[in-house]
Number of protein chains: 2
Amino acid sequence: MTRVEIVCVGTELLSGKVNTHMAFLAPCLQGLGLRIGRESSVGDSIGEIRAAVGEAFARADVVLVTGGLGPTFDDLTREGTAEALGLRLTYRPQIFESIRRRFLRYGRTVPEENKRQAHVIEGATVLRNRVGSAPGQRVVRSGKAVFLLPGPPAEMQPMMREHVVPYLRRTYSNGQAAAKTILRLSGVSESAADERLDPLYRSAGRRGVEFTILSEPGLVHLHITAVAGSRREAERRVAAAAAAARRRVGEWVFGVDDDTLESVAGARLARRGWTLAVAESCTGGLLSRRLTKVAGASKYYLGGVVCYSDGSKVRELGVSRDTLHRSGAVSPACAREMAEGARERWGSDCAVSITGIAGPGGGTKAKPVGLTYFACARRGAATKVLRVHLPGDRDAVQQRATGVALALLLRSL
Amino acid sequence: MTRVEIVCVGTELLSGKVNTHMAFLAPCLQGLGLRIGRESSVGDSIGEIRAAVGEAFARADVVLVTGGLGPTFDDLTREGTAEALGLRLTYRPQIFESIRRRFLRYGRTVPEENKRQAHVIEGATVLRNRVGSAPGQRVVRSGKAVFLLPGPPAEMQPMMREHVVPYLRRTYSNGQAAAKTILRLSGVSESAADERLDPLYRSAGRRGVEFTILSEPGLVHLHITAVAGSRREAERRVAAAAAAARRRVGEWVFGVDDDTLESVAGARLARRGWTLAVAESCTGGLLSRRLTKVAGASKYYLGGVVCYSDGSKVRELGVSRDTLHRSGAVSPACAREMAEGARERWGSDCAVSITGIAGPGGGTKAKPVGLTYFACARRGAATKVLRVHLPGDRDAVQQRATGVALALLLRSL
């Protein structure tokens, strides 16, 4: 089986910055039926990069090197990799020219330093970076492939999809084909989903599939992969395993593959021709932010209000002073009035509200940190109100709360 | 300088689970003046563990191995490390007895499987785990130390503090102490800051400090570290280097260490007793989200409006229909009216607005994707309006735009 190794370059990765590359790369590579043998992180030092890339190259069939392709003195992946492979770097003026044009487009003069980014390992194929100035490189030597990719995920990920995955599929699939799907769940804990799925894990080998369960606050992702003699067979196995998994945890599945709660909700709104407005308190704009991460959200999303103060809940959403006085801002009545007020005020078909205590301060015995109320008001149905006590610190409570709100919206569509 | 390597064991780390160990371990080790040379992650395989630990042991003075100390068949760190060091594993009945008593305390019978956890590398010192059943181990060989620590952070972190840090301080600190600071910059590109700082990099060795420059959309971070014979001397060197760096790039420095644009803006607002409201269009709530990530933001942040539609800009912010008709929503006039409207409507001392084209759709020749206008209206000064053409994809434009807005706000405070 083809062995891939990942070498991540960047002093920050050894200084406490969390490396999130594997969360993207692992599913990508597994989807091709390739095995990841090792991940290594080294700092911005030629010697360390040379050693790590050289050792990975000796053990693996494919080496992905991320980071260290910027224009500055401590971007040394080009040099370190060239030394590891015993190859020279050559300057390609046409690359610098395209970087210069890129700067010009944004009205800026390109610094001399960016010439470093125009150095290419001899024999390398240059991989276009549509998002940033650092081009990638692919070097093939002794029948093995080494890829240099930029460190910022916003640049690395599209380049991986456009340049690396197609090449690996062509070169290493070997008559073997892989298939993959991800079931996206919300409203269930990882351990509860795990327990329900346990019998499937036990029969995974017999079914010729592999299951990996991953989680983030409020969401559980079940990855199902298969490698078989044909794409059709691999897809058949994955589909059968996904159907078996849905029989066990289907009630929590909201989407598959690249779906997110916000993209699924958006697609359903667009399909109905409905519009949405939101009213948030403790999540401070994160719900609106998630909805507008989806390109084309302006088709259904009108906007919303972040009411971080009591006064603004009254003024902007028409929450009654009486409700605030009697029940407080963190109450089912306030959540209901926020959602209904937003819907009326913004003239939308649907509106969702969140009000709660994100912490760390502001909690009481009766209303502890994490207590959150949600409401969804929609055309042609009674307003739904939901109470959830969310675990975690401020950021986790805010993240989970927006997940609960989106799940509530989904159930209303 | 003492070299430490980290080997993380666990198939999940190569399957997409994010490895957060470094966020804890790096500051721990840097605080002792130790240098982390490499981090490697391998799966639950004896061969992979043996190779990774053996190679790390050959290069480093200290190796920390995390994970793979559980009771199940795929917990193989004990075996792999013993093989790497050419040592045997011996069974220690007293360890199993203490695990048995631990289970008993929670009213459970200990499974036979847990006997695996009572196997210790010959000559190792056993490190007590107060949180879980897996004891740690410390093996000293050829003057080098190898530590085995459990994978769950809740177990690893206290064991690191109680057993590993004191040992390392005693054995390797050598009277050496470390100091560190980070200068946070905005409004400058990484390459431009780099060019200005270049002379400092050249003299870094002579000054006894190390510089690392890192960036994310709209921000540049300059890390300055020093190791010296005393904490005082290390701190003096870092302070001198930071002062020298400020002489070169001080105009862009907005904060230090854990400061963010939003935390610095919040602190300044709180100090003045001022309040803030926002009006966002293309950033869809992200500006508000960033402001409310800061705990205690409710002291100065009143809230804001996300106006994703033209109608809502008129209704919620009082933007004139005439402006929208003549100049469009992405215009200096609209940005100004949004900020002034938000300030008036919310009764705040300050208000910031953003209106632009985040893409991927919606761009024209005259108003391309990334074109963004900002305004800051504040008590006692004329409203400032800013035009910036931001590079990158939708998410990058949104991230950068909120950074520009926060920097504009900072300059007004």
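Analysis parameters
- Residues numbered from 1 in each chain as written.
- Chains lettered and ligands numbered in written order.
- Predicted model: local features only at pLDDT ≥ 70, side-chain atom pairs only at ≥ 80, totals over all residues.
- Helix = DSSP H or I, 4+ residues; strand = E, 2+ residues; numbered from the N terminus.
- Buried ≥ 20, exposed ≤ 12 C-beta atoms within 10 Å, placed from the backbone.
- Pairing = 2+ DSSP bridges.
- Axes fitted to C-alpha atoms, helices over the stretch in contact; angles between N-to-C directions.
- Contact = placed C-beta atoms within 7 Å.
- Nonpolar A, V, L, I, M, F, W, Y, C, P; charged D, E, K, R; others polar.
- Domains from an automatic or database assignment.
- Core = buried A, V, L, I, M, F, W, Y, C linked by C-beta atoms within 7 Å.
- Expected span 1.5 Å × (residues − 1).
- Bend = angle between axes of the 7 residues up to and from the residue.
- Parallel < 35°, antiparallel > 145°, perpendicular 65-115°, else oblique.
- Left-handed = near helix turned anticlockwise from the far one by under 90°.
- pLDDT = per-residue confidence, 0-100.

Asker: Hey, could you run me through the overall build of chain A in this one?
Answerer: For chain A, the count of helices and strands is 14 helices and 17 strands. Over its C-alpha atoms, taken along the principal directions, chain A stretches across nearly 75 × 60 × 40 Å. For chain A, the proportion of its 413 residues judged to be buried stands at 49%.

Asker: Honestly, the sheet that holds strand 7 (residues 136-141) of chain A in this entry has me stumped. Any pointers?
Answerer: Note on sheets: strands pair through backbone hydrogen bonds, and any given pair is parallel or antiparallel. Taken in spatial order, the twelve strands line up as 6(A)-7(A)-8(A)-3(A)-1(A)-2(A)-2(B)-1(B)-3(B)-8(B)-7(B)-6(B) in an open sheet, and their pairing is mixed. Of all strands in the sheet, those with a lone pairing partner are strand 6 (125-127) of chain A together with strand 6 (125-127) of chain B, marking the two edges. Each adjacent strand pair in this sheet contributes to an overall mean axis angle of 15°, direction not counted. Here strand 6 of chain A pairs with strand 7 of chain A via three bridges, running antiparallel. Paired with T125(A) across the strands is R138(A), a residue of strand 7 of chain A. Docked against the sheet, helix 3 (residues 77-85) of chain B engages strand 1 (3-9), strand 3 (62-66), strand 7 (136-141) and strand 8 (144-149) of chain B, running at close to 170° with respect to strand 8 of chain B.

Asker: Help me understand the sheet that holds strand 14 (residues 301-307) of chain A, please; the structure alone is not making it clear to me.
Answerer: If you walk across this open sheet you meet the ten strands as 17(A)-16(A)-15(A)-13(A)-14(A)-14(B)-13(B)-15(B)-16(B)-17(B), and the pairing is mixed. Each having just a single partner strand, strand 17 (384-389) of chain A together with strand 17 (384-389) of chain B make up the two edges of the open sheet. Taken pair by pair, the neighbouring strands of this sheet meet at an average axis angle of 10°, ignoring direction. Its contacts with the sheet place helix 14 (residues 394-411) of chain A against strand 15 (350-356), strand 16 (371-378) and strand 17 of chain A, and it is angled at close to 150° to strand 15 of chain A. Running at roughly 150° to strand 15 (residues 350-356) of chain B, helix 14 (residues 394-411) of chain B makes contact with strand 15, strand 16 (371-378) and strand 17 of chain B of the sheet.

Asker: For this particular structure, what's the right way to read the interface of chain B and chain A?
Answerer: Bring the parts together and some accessible area is lost; that lost area is often taken as the interface size. Taken together, the contact pairs 62 residues of chain B with 63 residues of chain A. Elements with a contribution of two residues or more to the side of chain B that touches chain A: helix 1 (21-30), strand 2 (35-42), helix 2 (46-59), helix 6 (190-202), strand 10 (210-216), helix 10 (286-291), strand 14 (301-307) and helix 14 of chain B. Partitioning the side of chain B that touches chain A into residue classes produces 27 nonpolar, 23 polar and twelve charged. Strand direction decides the pairing type here: strand 2 (residues 35-42) of chain A and strand 2 of chain B, joined by five bridges, are antiparallel.

Asker: Looking at this structure, I do not really get the domain arrangement of chain A. What am I missing?
Answerer: Residue and element names in this part refer to chain A. With domains assigned, chain A is organised as domain 1 (3-172), domain 2 (177-256) and domain 3 (261-411). Relative to domain 2, the C-alpha centre of domain 1 lies at a distance of 32 Å. On the domain 2 side, the residues contacting the five residues of domain 1 number five residues.

Asker: Looking at this structure, I do not really get the pairing of strand 7 of chain B. What am I missing?
Answerer: Every regular strand shows the same layout, with side chains that alternate between the two sheet faces. Residues and elements named next belong to chain B. Sheet topology note: the strand 7/strand 8 ladder contains five bridges and is antiparallel. Pairing of V139 across the sheet is with V146, part of strand 8. In this antiparallel pair of consecutive strands, strand 7 and strand 8, the connection spans two residues, and S142 shows a positive phi of 50°.

Asker: Explain the nonpolar core to me, please; I cannot follow it from the model alone.
Answerer: As a rule of thumb, soluble globular proteins bury nonpolar side chains together. In terms of nonpolar packing, the biggest core is built from 135 residues, with V7(A), V63(A), V65(A), V7(B), V63(B) and V65(B) touching the most fellow members. By residue number, the principal contributor to this core is strand 11 (residues 219-228) of chain B, which donates seven residues. Apart from the residues within four sequence positions on either side, V7(A) is in contact with S40(A), V42(A), A52(A), V53(A), A56(A), V63(A) and V65(A). Counting 107 residues, the second largest nonpolar core, distinct from the first, contains V294(A), A279(B), V306(B) and A329(B).

Asker: Before we go on, may I ask you to explain helix 5 (residues 153-172) of chain B in this structure?
Answerer: All names here are of chain B. For helix 5, built from 20 residues, the straight-helix expectation of 28 Å at 1.5 Å per residue is missed by more than 12%, its first-to-last C-alpha distance being only 24 Å. Its maximal kink placed at M160, helix 5 deviates by approximately 45°. Restricting attention to buried positions, one finds in helix 5 the residues E155, M156, M159, M160, H163, V164 and L168. Residues of helix 5 that are buried make contact with helix 1, strand 3, strand 6, strand 7 and strand 8. After helix 5 finishes, the residue N174 shows a positive phi value of roughly 60°.

Asker: When you look at helix 4 (residues 93-105) of chain B in this model, what are you seeing that I'm missing?
Answerer: Every α-helix winds through 3.6 residues per turn, so residues three or four apart in the chain are directed the same way. Taking 1.5 Å as the rise per residue, helix 4 of chain B with 13 residues should run 18 Å; its terminal C-alpha atoms sit 19 Å apart, in good agreement. In the segment just after helix 4 of chain B, G107(B) is the residue with positive phi, at about 70°.

Asker: I would appreciate a short explanation of the environment of L219(A) in the present structure.
Answerer: Note that L219(A) resides in strand 11 (residues 219-228). Sequence separation between L219(A) and S186(A) is 33 residues; the distance between their C-alpha atoms is 4.8 Å.

Asker: Sorry, what's going on with the packing of helix 2 of chain B against helix 3 of chain B here?
Answerer: How two helices pack is summed up by the angle between their axes together with the distance between the axes. All names here are of chain B. Relative orientation of the contacting elements helix 2 and helix 3 amounts to 50°, with a least axis distance of 8 Å. Taken together, the axis directions place helix 2 and helix 3 in an arrangement best described as oblique. The chirality of how helix 2 crosses helix 3 is right-handed. Counting all contacts with helix 2, which are made through I46, I49, R50, V53, G54 and F57, the residues of helix 3 involved are T77, E79, G80, T81, E83, A84 and L85.

Asker: Help me understand the confidence of the model for chain A in this model?
Answerer: Low pLDDT marks regions whose predicted coordinates should not be analysed in detail. Averaged over every residue, the pLDDT of chain A is 93; the share at 70 or more is 100%. Under the prediction, the complex receives an ipTM of 0.80, its pTM being 0.79.

Asker: Would you mind going over the pairing of strand 17 of chain A with me for this structure?
Answerer: Residue and element names in this part refer to chain A. As paired elements, strand 16 and strand 17 share six bridges and run antiparallel to each other. Across the sheet, the residue bridging to C376 is K384, located in strand 17. Two successive antiparallel strands, strand 16 and strand 17, enclose a turn made up of five residues, where G380 displays a positive phi of approximately 75°.

Asker: Can you help me understand the environment of R116(A) in this one?
Answerer: Residues and elements named next belong to chain A. The residue R116 is located in the loop between helix 4 (93-105) and strand 5 (119-121) in this model. Using a count of 21 C-beta atoms within 10 Å as the deciding quantity, one classes R116 as buried. For the pair R116 and F103, spaced 13 residues apart in the sequence, the C-alpha separation amounts to 15 Å. Apart from the residues within four sequence positions on either side, R116 is in contact with P71 and D75.

Asker: What is the right way to read the environment of E39(B) from this model?
Answerer: If you trace the backbone, E39(B) turns up in strand 2. With 17 residues separating them along the chain, E39(B) and M22(B) place their C-alpha atoms 8.4 Å apart. If we ignore the near neighbours within four places in the chain, the residues touching E39(B) are L14(A), S40(A), S41(A), I6(B), C8(B) and M22(B).

Asker: Where do I start with unusual backbone geometry in this structure?
Answerer: The bulk of non-glycine residues show a negative phi, and the bulk of peptide bonds are trans. With an omega dihedral of 0°, the bond running from G359(A) to P360(A) counts as a cis peptide bond. Relative to the helices and strands, P360(A) resides in the loop between strand 15 and strand 16. One non-glycine residue, D257(A), adopts positive backbone phi at about 50°. Inspection of the secondary structure puts D257(A) in the loop between strand 12 (253-256) and helix 9 (261-272). One non-glycine residue, S142(B), lies in the positive phi region at around 50°. Within the fold, S142(B) resides in the loop between strand 7 and strand 8.

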